[in-house]
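# Architecture and fold: a report
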Amino acid sequence: MDAPAVFTEADVYQQRFDPQAYLKEFYNLSDSQGEQNTFLVQNLRSLLKMFSLDGLRGDTLIDVGCGPTIYQLLSACERFQEIIALDYTDQNRRELEKWLKNEAGAFDWRPVVKFVCELEGDREKWAEKEEKLRRKVKQVLKCDVTKANPTDPVSLPPADCIVSTLCLEAACKDLATFRSALRNIGALVKPGGHLVMLTVLQETYYGFNKQVFSCLYLEKEAVEEAVEGAGFDIKLSEVQSYLPGDPRTDCKGMLSLVARKRASITG
Ligand code: SAH
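First, a word on scope: everything that follows refers to the structure included in this document.

Quick notes on the rules
Residues numbered from 1 in each chain as written. Predicted model: local features only at pLDDT ≥ 70, side-chain atom pairs only at ≥ 80, totals over all residues. Heavy atoms only, no water. Salt bridge = Lys/Arg side-chain N within 4 Å of Asp/Glu carboxyl O. Helix = DSSP H or I, 4+ residues; strand = E, 2+ residues; numbered from the N terminus. Buried < 20%, exposed > 50% of the residue type's maximum accessible area, 1.4 Å probe, protein only. Axes fitted to C-alpha atoms, helices over the stretch in contact; angles between N-to-C directions. Parallel < 35°, antiparallel > 145°, perpendicular 65-115°, else oblique. Contact = heavy atoms within 4.5 Å. Nonpolar A, V, L, I, M, F, W, Y, C, P; charged D, E, K, R; others polar. Phe/Tyr/Trp six-rings, centres within 6.5 Å; stacked < 30°, edge-to-face > 60°. Near = heavy atom within 4 Å. Polar contact = N/O pair within 3.5 Å; in protein donor to acceptor, adjacent residues only side chain to side chain. Areas by Shrake-Rupley, 256 points an atom, 1.4 Å probe, with all protein chains shown as cover.

Counting across every chain of the model gives 17 salt bridges. Residue Arg134 is joined to Glu130 by a salt bridge in which the shortest nitrogen-to-oxygen separation is 3.5 Å. Of this pair, Arg134 and Glu130 both sit in helix H6 (residues 126-136), 4 residues apart, which is roughly one turn of the helix. Taken individually, Arg134 and Glu130 each receive the classification buried, so the pair is uniform in this respect. Each of Glu78, Glu120, Lys129 and Lys132 takes part in a single network of salt bridges with overlapping partners.

Encoded structure:
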């Protein structure tokens, strides 16, 4: 598999991204041979760690580029009262809503929810957590991270925290676009509020269901620089390596990053 010749931007997601195939490929806790999905398990552990940090709590949380997934909100929903989820792609927002409304045909997140509850200390709380998350997600809106106001024509009040997992590297064709997207989404957070990110490193493509999507090749330092340039101070930045040999992607690692927005932009 090779990276697409032309970077697959948002319009390609709208045309070709199949949320059910994506979920089936990447978000089962174990595969058909019973092997644990280390990519998902590592990310769940990192998210729990990040959302357990001091100060990572408040009223409002915005999830930028949520896709059709909820795993990124499972620890977060214990720390925030109201959640707004944003994504460009209609079918991804629809797929998320299916789960939120408990509709037939929605993806079965129960094994993942149970696993996170176990990490948090009580596996039996899974139903309670599902109910809590469904209750706390108040809106699912369209957004474009390349726009100065990503939710235009809607203006959201700045949130206490934003979380973004595996979105900007998929949405931004070059480093300049990545930096400006960070400034765009950074404006959705209050001064003193937090940014929580999971970003794949050194990846140029990922594929599933015979479709291949581009990924902006990023090093840890480039991500940190862009986050600081968007007016944030980095609180945590940790790399976990990803074992080579996965035919679906050329990803080399995963970056977990937490940053706090400066009170005033000092450059
Ligand atoms: N957060 C999810 C989905 C990641 S897939 C997860 O962790 O698995 C990348 C997502 O970025 C897709 O849902 C796609 O619709 C979204 N996306 C791509 N370009 C975008 C843009 N310009 N603005 C907002 N979202 C975009």
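Turning our eyes to something else, we now look at the packing of helix H5 (residues 110-119) against H6. Across the interface, H5 lies against H6 with an axial gap of 9 Å and an inter-helix angle of 110 degrees. In terms of their interaxial angle, H5 and H6 are classed as roughly perpendicular. Where H5 abuts H6, its residues Arg110, Val113, Lys114, Val116 and Cys117 lie against Trp126, Lys129 and Glu130. Its residues assigned to classes, the contact of H5 with H6 shows 4 nonpolar, no polar and 4 charged.

All right, on to the environment of Ala170 then. As for its placement among the helices and strands, Ala170 is situated in helix H7 (residues 168-171). It is 28 Å that separates the C-alpha atoms of Ala170 and Asp59, two residues lying 111 residues apart in sequence. Once you skip the residues sitting within four places of it in the chain, Ala170 turns out to touch Phe7, Thr8, Tyr13 and Ser214.

With that settled, consider the packing of aromatic side chains. All chains considered together, the criterion is met by 20 aromatic pairs. Between the aromatic rings of Tyr27 and Phe39, the centroid separation amounts to 6.3 Å while the plane-to-plane angle is 50 degrees, which identifies the pairing as tilted. Placement of Tyr27 in the loop between helix H2 (19-26) and helix H3 (38-50) and of Phe39 in helix H3 is noted, with a sequence separation of 12 residues between them. With centroids separated by 6.2 Å and ring planes inclined at 80 degrees, the aromatic side chains of Phe39 and Tyr242 adopt a geometry described as edge-to-face.

As a further point, take the site of the ligand. In the region of the ligand, 21 residues are neighbours, and Tyr22, Tyr27, Tyr71, Asp87 and Thr89 sit closest. Within the contact set of the ligand, a nitrogen atom lies 2.8 Å away from a backbone nitrogen or oxygen of Gly65. Cys66 is positioned with one of its backbone polar atoms (N or O) 3.3 Å from a nitrogen atom of the ligand. In isolation the ligand offers 570 Å² of accessible surface; the protein chains occlude 99% of this area. Only helix H1 (10-16) and H7 provide two or more residues apiece to the shell around the ligand. Classifying every residue of the shell around the ligand by side-chain character gives 13 nonpolar, 6 polar and 2 charged.

Such coordinate-based values are descriptive only and should not be taken to indicate function.
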